[in-house]
Amino acid sequence: MSEPILRVAGLFGRIGGQQVVEDVSFDVPATGVTALLGRNGVGKTSTIKSILGLIDRSGGMHLGGTRIDRMPTHRIVQLGVGYVPEDREVFGSLTVAENLRLAERDAAPRREFIQRLFPDIHDRRAQRAGTLSGGQQQMVSLARALVNENRLLLVDEPTKGLAPRIVDEVAEALAEAARTVPILLVEQNLHVIRRLAERVVVLSGGRVVFTGEASDLLDDEDRIQRFLGVHDATDPHDTAAGSTR
Amino acid sequence: MSTVVLLLVTGLGLGALYFLVASGLSLIYGLMGVLNFAHGSFLTIAAFLGWEVGRRVSDGTWWGLALSAMVGLAVGAIVAAATEYLLIRRLYERHIEQALVTVGLSLATVALFEGIWGTDPIYTQKPEWLAQTTEILGAKIPNDRFLLIACALVVLGGIVLFLRRTRYGLIIRAGVENRSMVMALGIDVRRSFTIVFAIGGAAAGLGGVLASVYYGYVSAHLGSVLLIFAFIVTVIGGLGSLTGAAIASVLVAVLQQFANFYLGGTGDLVVVVALAAVLLVRPRGLMGKVA
Ligand SMILES: Nc1ncnc2c1ncn2[C@@H]1O[C@H](COP(=O)(O)OP(=O)(O)OP(=O)(O)O)[C@@H](O)[C@H]1O
Ligand SMILES: [Mg+2]
């Protein structure tokens, strides 16, 4: 197997002096979707933010051989990282077009690709992003990451709080993106995980407790129950953490 | 009627001065979370240097005043950008230390200005027309009010155009809303900090020159007084909102004028009461961003 695109070794993260990521180590392979899983509050979002330097962190991190654990956020992103944050974080006072323009890093941003992937967003270019529906905001957030050619995407709960039809649309867009770029995906929806993820990394109490092929986890009812705290849902749109939300 | 008109136009003129100071304060706080207590010093140094250059070249003429204004704009921008670059930037994200540094800078510079130019106000010359009045609806309006209002409108328009039409403007608007997401899009947001300081400093610098026209003197304390009201304006308007600062500048100054005239010189008190009222009813100010 080829070199991993992201190596995380002994990562610690802190928010306001409180340890939220503890000695986390894992690799993200250079292709396909790696799911970062775990119960609510175990530190999935904090792990992603630590990788990007959005919170105080220490530990060894390499992006395709380049050391990034001392780099400021914008430089890491400029190396080719796309970020879709939990809760979307679109700029509500800016228009859709302005949100996208701000995100364009490449000399030749992939505007046609975005237009084809999210036609609804394209039709609303002049609308303020704050007035979009949750699903539409998620499309803008995804489009901001996908408009550039990236070496890695960090995607944090892209289907959270969305209607089933929109969940499918988001999963479709991610599947399309995953053909050309590796993705580290935080996701609670087992159906989406099954559809997209090839490998899984499971966190518990701020630490990694399982890594392996997605099927090793997903075909094992006992592990699902133990690591994610749920029974596998027969309804494909049930979220893995539905009971705790 | 004529009194009302006079108070209104004078309030607008004073509001224009407040706005020139408050616009920078508001943008700086909105983007960086820095309460810049040194902003008054940018104004004062610009007023002094503008006056020094203007009077040497052509005292009391339009040409001299225009030169003063250009020097004021440039000095304000340069001093503010240097302050950001040399002091504020080193204390990135340490808001208390940043505020303390600006307080220290403001105290030190006022002492420095007193050392150079003395503690007494120095009376200035202005073009003759500005000292005259124009009659509107029976009120004799001092002409300098019109100059202040016109300059503030030009600055407001210029900043709005900059924010709407340029890439840095886009970054600044986004950064005021959610700075860490701007960084997470691969943008070095710190570069825009210097730009915002320079713009705010330039506006304050022009405000300094115009304040010396309005009050008829320059003094080491010119900035301190205006800064207090500019802060009040900024909070009432909503920290980070340029439109809020513009509206609040006019409201505060007009209110102050009317209270001074009709309520026995209680203008400052009424402004503070208005501040308290706004904070109680709308803690984020009139147009403040939603967290
Ligand atoms: N701003 C903050 N201040 C203090 N503690 C925080 C903050 N943000 C997160 N935490 C804590 O850090 C821990 C990890 O949070 P994090 O958001 O990374 O979890 P998560 O796995 O993403 O959860 P979820 O599944 O709910 O998104 C939690 O215990 C949380 O309470
Ligand atoms: Mg999370």
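Residues numbered from 1 in each chain as written. Chains lettered and ligands numbered in written order. Predicted model: local features only at pLDDT ≥ 70, side-chain atom pairs only at ≥ 80, totals over all residues. Heavy atoms only, no water.

**Overview of the overall build of chain A**
In terms of helices and strands, chain A carries 10 helices and 10 strands. The C-alpha atoms of chain A give 17 Å as radius of gyration, which agrees with the globular expectation for 245 residues (18 Å, within 12%). Here the C-alpha coordinates of chain A stretch approximately 45 × 45 × 40 Å along the principal axes. Looking at chain A as a whole, 54% of its 245 residues are labelled buried. Looking at chain A as shown, the accessible area adds up to about 10,500 Å², and 45% of this sits on carbon and sulfur atoms. With 30 positive and 33 negative side-chain charges, chain A shows a spacing of 6 Å between the two charge centroids. (Helix = DSSP H or I, 4+ residues; strand = E, 2+ residues; numbered from the N terminus. Rg over C-alpha atoms; globule rule 2.2 N^0.38 Å. Buried < 20%, exposed > 50% of the residue type's maximum accessible area, 1.4 Å probe, protein only. Areas by Shrake-Rupley, 256 points an atom, 1.4 Å probe, with all protein chains shown as cover. Lys, Arg positive; Asp, Glu negative; His and termini not counted. Charge placed at Lys NZ, Arg CZ, Asp CG, Glu CD.)

**A word on the overall build of chain B**
Helix and strand content of chain B: 12 helices and four strands. Whereas a compact globule of 291 residues would reach a radius of gyration of roughly 19 Å, chain B reaches 19 Å, a difference of no more than 12%. The C-alpha extent of chain B, read off along each of the three principal axes, is 60 × 45 × 35 Å. Evaluated residue by residue, chain B yields a buried proportion of 55% over its 291 residues. When contacts within chain B are restricted to residue pairs at least 6 apart in sequence, long-range pairs at least 24 apart make up 76% of them. Accessible surface, chain B: about 12,400 Å² in total, of which carbon and sulfur atoms supply 69%. Each charge sign in chain B was given a centre, from 18 positive and 13 negative side chains, and these centres are 12 Å apart. (Contact = heavy atoms within 4.5 Å.)

**Some remarks on the UniProt feature "transmembrane region" (unreviewed entry) in chain B**
On the UniProt side, "transmembrane region" (unreviewed entry) is annotated at positions that read residues 6–27, 34–51, 63–87, 99–117, 146–163, 193–215, 227–254 and 261–281 of chain B here. Counting secondary structure, residues 63–87 of chain B comes out at 100% helix and 0% strand; the distance between its end C-alpha atoms is 35 Å. (UniProt positions renumbered as here; feature names shortened; annotations may be inferred.)

**Things to note about the coordination of the magnesium ion (ligand 2)**
Ideal geometry at a metal centre: 109.5 degrees between donors when four sit tetrahedrally, and 90 or 180 degrees when six sit octahedrally. Residues and elements named next belong to chain A. Coordination of the magnesium ion (ligand 2) by the protein involves Thr45 (OG1), Glu86 (OE) and Glu86 (OE), with metal-donor separations of 1.9 to 2.8 Å. Residue Thr45 is located in helix H1 (residues 44–52), and its partner Glu86 is located in the loop between strand S6 (81–84) and helix H3 (96–103); the two are separated by 41 residues in the primary sequence. Given a relative accessible area of 19%, Thr45 falls into the buried group. Glu86 sits in the buried class, given a relative accessible area of 18%. (Donors = N, O, S within 2.8 Å, 3.2 Å for Na, K, Ca; no water.)

**Concerning the site of ligand 1**
All names here are of chain A. With respect to spatial proximity, 13 residues lie near ligand 1, and among them Gly41, Lys44, Thr45, Ser46 and Glu86 are the closest. In the environment of ligand 1, an oxygen atom lies 2.8 Å from a nitrogen or oxygen atom belonging to the backbone of Gly41. Here an oxygen atom of ligand 1 and a backbone polar atom of Val42 are 3.3 Å apart. Among the secondary structure elements, those contributing two or more residues to the shell around ligand 1 are strand S2 (18–28) and H1. In terms of residues, the shell around ligand 1 owes the most to one element, H1, which gives three residues. (Near = heavy atom within 4 Å. Polar contact = N/O pair within 3.5 Å; in protein donor to acceptor, adjacent residues only side chain to side chain.)

**A few points about the environment of A:Ile193**
Residue and element names in this part refer to chain A. Position of Ile193 relative to the elements: it lies in helix H8 (residues 190–196). For Ile193, a relative accessible area of 1% puts it in the buried group. Separated by 122 residues in the primary sequence, Ile193 and Met71 have C-alpha atoms spaced 31 Å apart. Apart from residues no more than four positions distant in its own chain, Ile193 is found in contact with Ala35, Leu37, Glu187, Gln188 and Leu218.

**What to know about the packing of helix H1 (residues 2–32) of chain B against helix H9 (residues 189–215) of chain B**
Residues and elements named next belong to chain B. Following both chains from N to C, one finds H1 and H9 inclined at 160 degrees, their axes separated by 9 Å at the closest point. In terms of their interaxial angle, H1 and H9 are classed as roughly antiparallel. In the packing of H1 onto H9, the handedness of the crossing is left-handed. Considering only residue class, the contact of H1 with H9 consists of 17 nonpolar, six polar and no charged. (Axes fitted to C-alpha atoms, helices over the stretch in contact; angles between N-to-C directions. Parallel < 35°, antiparallel > 145°, perpendicular 65-115°, else oblique. Left-handed = near helix turned anticlockwise from the far one by under 90°. Nonpolar A, V, L, I, M, F, W, Y, C, P; charged D, E, K, R; others polar.)

**Comments concerning the packing of aromatic side chains**
Applying the stated criterion to the full structure yields 12 aromatic pairs over all chains. Ring centres of B:Tyr214 and B:Tyr215 lie 5.0 Å apart, and the angle between their planes is 80 degrees; this geometry places the pair in the edge-to-face category. Among the residues examined, B:Tyr214 registers a relative accessible area of 15% and is labelled buried. Overall, B:Tyr215 belongs to the partly exposed group, its relative accessible area being 31%. Three or more aromatic residues joined by ring pairs form one cluster here, namely B:Tyr123, B:Tyr214, B:Tyr215 and B:Tyr217. Sitting above the plane of the A:Phe227 ring, A:Arg226 keeps its charged end 5.0 Å from the centroid. (Phe/Tyr/Trp six-rings, centres within 6.5 Å; stacked < 30°, edge-to-face > 60°. Lys NZ or Arg CZ within 6 Å of the ring centre and 35° of its normal.)

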